[in-house]
Amino acid sequence: MSETDRQSTEEVRQPDPPLPEESGLTLEEYLAMQQAIGHPTRFRILRTLVANDELSAADLKAAVDVESHNFHYHLDELVDVGLVDKRQRRTADSQGFYTYYRPTAMGRGILEHGVEELMRREREFNDAYS
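The rules behind each value
- Residues numbered from 1 in each chain as written.
- Predicted model: local features only at pLDDT ≥ 70, side-chain atom pairs only at ≥ 80, totals over all residues.
- Heavy atoms only, no water.
- Helix = DSSP H or I, 4+ residues; strand = E, 2+ residues; numbered from the N terminus.
- Buried < 20%, exposed > 50% of the residue type's maximum accessible area, 1.4 Å probe, protein only.
- Contact = heavy atoms within 4.5 Å.
- Areas by Shrake-Rupley, 256 points an atom, 1.4 Å probe, with all protein chains shown as cover.
- pLDDT = per-residue confidence, 0-100.
- Pairing = 2+ DSSP bridges.
- Axes fitted to C-alpha atoms, helices over the stretch in contact; angles between N-to-C directions.

A. Looking closely at the overall build of the protein. Helix and strand content of the protein: five helices and three strands. Reading the helices (α) and strands (β) of the protein from amino to carboxyl end gives α-α-β-α-α-β-β-α. Out of the 130 residues in the protein, the part that is buried amounts to 25%. Partitioning the contacts of the protein with sequence separation of at least 6, the portion at a separation of at least 24 is 50%. About 9,700 Å² of surface is accessible on the protein, with carbon and sulfur atoms providing 48% of the total.

Shown next, in the form of structure tokens:
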């Protein structure tokens, strides 16, 4: 391809800004969420929470079968970017607090309309052409 066949810089279209000016989150915050769910362990943790609505740390750890030090690191990452909420609750028969985790609305949304949507489309494509 010769230089004259290429578009000049003036002809290259720029995409619209990804977010409205009054967006509640920054582009960097959205990208951090996407990056967080991109790790297989964090994806499994979030997916398990969405399926169960809320779990204690012990029940969640058992369900995803991850080593303790890795589990808490990945869970904290999901909490830090806003995909998972953490709350402490005291039960009537206990002396201490128990920690529970649940997906945020953003966590549910990024899972359902992100990676899982792509997987659903692949299944539909395979079913249509099999």
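B. Main features of the confidence of the model for the protein. Averaged over all residues, the pLDDT of the protein equals 86, while 89% of them reach at least 70. The spread of mean pLDDT over the elements of the protein runs between helix H5 (residues 105–128), the lowest at 83, and helix H2 (residues 40–52), the highest at 96.

C. Summary view of unusual backbone geometry. Phi angles above zero are rare outside glycine, and Asp53 is one such case at about 70°. For Asp53, the location among the structural elements is in the loop between H2 and strand E1 (55–56). Non-glycine residue Asp65 carries a positive phi angle of around 50°. Mapped onto the secondary structure, Asp65 falls in the loop between helix H3 (57–64) and helix H4 (68–80).

D. A look at the sheet that holds strand E3 (residues 97–103). Here three strands make up an open sheet; going across it, the order is E1-E3-E2 and the pairing antiparallel. In this open sheet, the two strands that pair with only one neighbour each are E1 and strand E2 (84–90). Here E2 pairs with E3 via seven bridges, running antiparallel. Across the sheet, residue Arg89 finds its bridge partner in E3, namely Tyr98. Contacts between H4 and the sheet are confined to E2 and E3, with E2 contributing the most and set at about 110° to the helix.

E. Examining the environment of Thr104 more closely. One can find Thr104 in the loop between E3 and H5. Taking the C-alpha atoms as reference, Thr104 lies 10.0 Å from Leu78; in sequence the two are 26 residues apart. Beyond its immediate sequence surroundings of up to four residues, Thr104 is in contact with Gly82, Leu83, Val84 and Asp85.

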